[in-house]
Amino acid sequence: MFQIGDQVAHYKEGVCEVTSIGKLDIRCSDRKKEYYTLKPLYNVGGILYMPVNGEEKQLRKVISSGEAKELIADMPNISLLDITDEKKRELLYKEALFKNQCRSWMALMKTSYIRKRDRLAVGKKVINVDDRYLSSAEKFLYGELAVALNVPKEKVRDYITEKMQTGETL
């Protein structure tokens, strides 16, 4: 499915590059299976191994530049997560995060950000679970958008803000 040099989105590590494909000579691996060797772009020193015939949700191709621009343009239309039971908030955040989809990350970010803003407006404290999942969703989304748009990861937030403020057609 993927080739050496492809950039892929891993459900727990974010954007990775496929550095090799083949059987592994590691004791805990199935020596009959082929694996992708993945190098996370934003985790220096990390290496991952994923079976070539692994679950699709765990690994997918990074979105294209056009898809990234369409996603940013559609941000105002992305729905918040439907959280009716506060006790299930963290579970819903976790599900959104591990879907490994940019739209789900945006929905999580919007939900968490609005909840944080609303709590602060009435003098309440920010909830740790909101900040933790917001941070994770930003890490995954900004990493992928950086690759798709060919901009430094630390500039993605400014890029999105500029596009949203100017209403620029992407």
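Caption draft 1: Local environment of the nonpolar core. If you look at the biggest cluster of nonpolar residues, it comprises 30 residues, and the most contacted ones within it are Leu71, Leu141 and Leu145. Counting only elements with at least two residues in this core, the list comes to helix 1 (65–73), helix 2 (89–98), helix 3 (102–121), helix 4 (128–149) and helix 5 (156–166). Considering each element in turn, this core owes the most residues, eleven residues, to helix 4. Not counting residues within four places of it along the chain, the set of residues in contact with Leu141 comprises Leu71, Cys102, Trp105, Met106 and Met109. Counting residues in hydrophobic clusters, the runner-up holds nine residues, among them Phe2, Leu48, Met50 and Leu59.

Caption draft 2: Structural context of the environment of Leu141. Positionally, Leu141 belongs in helix 4. Remark: the alpha-carbon pair of Leu141 and Lys153, spanning twelve residues in sequence, is separated by 9.6 Å.

Caption draft 3: Molecular detail of the side chain of Asp6. Relative to the elements of secondary structure, Asp6 occurs in the segment before strand 1 (7–10). The contact partners of Asp6, leaving out residues within four places of it in the chain, are Cys16, Glu17, Val18 and Lys61.

Caption draft 4: Region of interest: the packing of helix 2 against helix 3. Here helix 2 crosses helix 3 at 145°, and the two axes come no closer than 8 Å. Across from Arg89, Tyr93, Ala96 and Leu97 in helix 2, the residues of helix 3 making contact are Ser104, Trp105, Leu108, Thr111, Ser112 and Arg115. Taken together, the residues of the contact of helix 2 with helix 3 sort by class into five nonpolar, three polar and two charged.

Conventions and cut-offs
Residues numbered from 1 in each chain as written. Predicted model: local features only at pLDDT ≥ 70, side-chain atom pairs only at ≥ 80, totals over all residues. Heavy atoms only, no water. Core = buried A, V, L, I, M, F, W, Y, C linked by side-chain atoms within 4.5 Å. Buried < 20%, exposed > 50% of the residue type's maximum accessible area, 1.4 Å probe, protein only. Helix = DSSP H or I, 4+ residues; strand = E, 2+ residues; numbered from the N terminus. Contact = heavy atoms within 4.5 Å. Axes fitted to C-alpha atoms, helices over the stretch in contact; angles between N-to-C directions. Nonpolar A, V, L, I, M, F, W, Y, C, P; charged D, E, K, R; others polar.

All we've got here are geometric facts, nothing functional implied.
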